[in-house]
Each structure stands twice: as structure tokens, then as C-alpha cells.
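Here's the letter readout for the chains.
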Amino acid sequence: MADDPISEILRLAEFESVMSGGFTVGGDWAVRFPPPDKLKFFAVARGRVVMRIDGEPRDIVMGEGDVILVSAGRSFVLASDPDLPARFASEFAWHGPERLVAFNDGTDTLQIGGHVRVHPAYEAMLLAALPPWIHIAGNTPEATTMRWLIDQMVKESQQALPGAGIAQAQLAHLLFVQVLRAHMATGDVLPPGWLRAVADPRLAPVLRQVHAAPGRDWRLDEMARLAAMSRTVFAGHFRKVAGTAPLTYVTEWRMRLACQALHRGSVPVATLARDLGYGSESAFSHAFKRVVGVSPARYAPAA
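Everything in this summary refers to the structure shown in the same document. Just so you know, these numbers come straight off a predicted model, no measurement behind them. (Residues numbered from 1 in each chain as written. Predicted model: local features only at pLDDT ≥ 70, side-chain atom pairs only at ≥ 80, totals over all residues. Heavy atoms only, no water.)

## So, the sheet that holds strand β6 (residues 67-70)
Right, so step 1: Taken in spatial order, the six strands line up as β9-β1-β10-β3-β6-β11 in an open sheet, and their pairing is mixed. Sheet topology places β9 (100-103) and β11 (133-136) at the edges, where each strand pairs with a single neighbour. Neighbour-to-neighbour, the strand axes of the sheet open up by a mean angle of 15°, direction not taken into account.
Right, so step 2: Where helix α4 (residues 164-185) meets the sheet, its contacts fall on β1 (16-25), β3 (39-46), β6, β10 (109-117) and β11, and the angle it forms with β1 comes to roughly 95°. (Pairing = 2+ DSSP bridges. Helix = DSSP H or I, 4+ residues; strand = E, 2+ residues; numbered from the N terminus. Axes fitted to C-alpha atoms, helices over the stretch in contact; angles between N-to-C directions. Contact = heavy atoms within 4.5 Å.)

Below you can see the structure in the form of C-alpha cells.
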């Protein structure tokens, strides 16, 4: 993980990326979208698009080849001019396998979009670690590969080839990876959280060991030794980067693994307690309720 944090992120959070549609449009236009319940991405294959996210102080202007990933759970507008009266996205019907909508009698702009689903056990953690939006401009060196992916996604949408749905999903997944790579390459400081922690070269060896052996009886001095730091310096650095104390992170990580297993319905609670390092089922249930808010017995049917 120390050398490849993105692969670790994708593996642990069980991402599923999907191209969900797009539109061609000309002239003056504006479309309002509801607050997303998942990560959303938009790519401009042709033309120019302005995005206005509710609550953000400035608009985001996207040119050809630009990609934006939106994690903020707020309504937003895509438009030629966001001050225009906006139609609601729900007004448009998606026709055919290409899932491209044509409106306003024009083709000046071609925009495609999709979403990224995250395993429920990790969704809140990842969203908290991402900025409200990530904008990768199409004229940056990192965007070269993204431009090819965008073009391929458009071709798959328009040509209705066999296996187009699977191809679109794989291309969308690669596009999401490229967005994360490009964002990390900019050197922008991520908010404190999981994503920033797994990318930190001093914390990465520690998190790799914790993720590999969550049931181990982890101690602060042992974690500090893996990071080649003193206990005091390690604890302060960990809290600054991850947004929580080291041993609290261990407990929360165990509970996310437990939520994942209970969601699948594949592991008895007693087995979970043992595998995650708890001496009894009651001790595990107490920790689970403290972190998750409900007992394992109540969480499992809901999941």
C-alpha cells in the first residue's frame, strides 16, 4: 500500500463505477440535478460546460476534455450559463442503450456522466476524506489518458456494440482511477481522513499492517515503531493526517469490516468478535454499538 495507495483504496472500498448517461446540446441551456447520493463524475467530450454547486462560492468552467468528480451531497446546475432558468434533469427521458439525450436542437456540447458506488461500510469515510469536488482540466499532462477514455466511452455509447455496457463500466472505473491519480499529482492537501492517511508515506506502513491484521492487539508504541517515530510524534502526526487518534482508527476500522460482513450476511457475530480481536461477543457488541450506533443484531437485518 505504501507504493500504491489508490489500489488499496479501490480494493478496500469495493468501488463500482458506471457510466449513467449524457447529453448533446446547443445554444443556451441549463439543467439542474438533485443532490447526488453517490460520487458523480462528468466529462466534457465536446464544447464547454459551467457547473454551479449549491453553497460553493464560485462556478466551475469546464472545457473539452475536462473531468470533474463531485462528492458534495448538494444540488448543482450544468449549463452554458448557470444564471439561466434551469430545467430539471428528471424531465428528460433516457432513450436506447446509448443513454444520450439530445435537446435544444444542437450538438455544440457533448457531455457524459456517471457515478461511483462505494461499499456502505466505507462510503461516509471516503466522502469525508474528499474535497467537495475535484476538477481536472483537459489541457493538463495528467488528462491525456482521460481524454482517450472519454472518447472511448462516447464511442461505446453511440455504436451499441456487443458488450457495450461492460465496456462502459470498465472505462468509467479507469476514468475514476485517473481522476484520483491526477488529483494526487497536483500536490493539493487532502482533508484529514482515510484517503490522506493511506497516501502518507509515514503512515502507509502502519495502515498496511492494521488492515492486514485487524484482530491483532495493537498498541500505540508498536504502531509508532512501524512508522519509525516516537509515540508522541506519531500520535500527533496520525491525528493531524487521519483526523482521529491511532487506536480509535483501529476500532473504527474493525467496525467497518464488521459492517461489511454483516451487510453480506456471511459471518456469525461470535466469529466476527473473535476475528476482530475481542475476547467475547458482548465486548464486540458493546464496541460496535458505540461506533455504529446500533447493536450487531439490529444492524444485520437492516443491512
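## A closer look at the packing of aromatic side chains
Right, so step 1: In total, this model carries 12 aromatic pairs according to the counting rule given.
Right, so step 2: Consider the rings of F42 and F76, whose centres lie 5.4 Å apart with planes at 70°: the pair is edge-to-face. Note that F42 is positioned in strand β3 and F76 in strand β7 (residues 76-79), a separation of 34 residues in sequence. You'll find F42 and F76 in the same group, each marked buried. (Phe/Tyr/Trp six-rings, centres within 6.5 Å; stacked < 30°, edge-to-face > 60°. Buried < 20%, exposed > 50% of the residue type's maximum accessible area, 1.4 Å probe, protein only.)

## Quick notes on the pattern of salt bridges
Right, so step 1: Counted according to the given criterion, the structure contains 11 salt bridges.
Right, so step 2: We note a salt bridge from D54 to R32, for which the minimum N-O separation is 3.3 Å. With D54 in the loop between β4 (49-53) and β5 (60-62) and R32 in strand β2 (residues 30-33), this pair connects stretches of sequence that are 22 residues apart.
Right, so step 3: You can call D54 partly exposed: its relative accessible area is 31%.
Right, so step 4: Bridged by salt links that share partners, the residues R52, D59 and D83 form one connected network. (Salt bridge = Lys/Arg side-chain N within 4 Å of Asp/Glu carboxyl O.)

## Here's the deal with the environment of A137
Right, so step 1: By the element assignment, A137 lies in the loop between β11 and α3 (143-159).
Right, so step 2: On the basis of relative accessibility, which here comes to 22%, the residue A137 falls in the partly exposed class.
Right, so step 3: Here the alpha-carbon distance between A137 and L39, two residues 98 residues apart in the chain, equals 19 Å.
Right, so step 4: Once residues lying within four places of it in the same chain are set aside, the contact partners of A137 are D66 and A143.

## Re the sheet that holds β7
Right, so step 1: As summarised here, the arrangement of the five strands in space is β5-β4-β7-β2-β8, forming an open sheet in which the pairing is mixed. The two strands at the open ends of the sheet, each matched to only one other strand, are β5 and β8 (87-88).
Right, so step 2: Note that β4 and β7 share four bridges and pair antiparallel. Bridge pairing in β7 places M51 opposite L78.

## So, the nonpolar core
Right, so step 1: Formed by 70 residues in total, the largest nonpolar core has its most connected members in L39, I112, M153, F234, F284 and F288.
Right, so step 2: Examining the composition of this core, we find that nine residues originate from one element, helix α9 (residues 246-264), more than from any other.
Right, so step 3: Dropping the residues within four chain positions of it, F284 is found in contact with M255, A258, V269, L272, A273, L276, Y278 and P296.
Right, so step 4: Membership of the second largest hydrophobic core comes to 21 residues, among which are V25, I60, F76 and F92. (Core = buried A, V, L, I, M, F, W, Y, C linked by side-chain atoms within 4.5 Å.)

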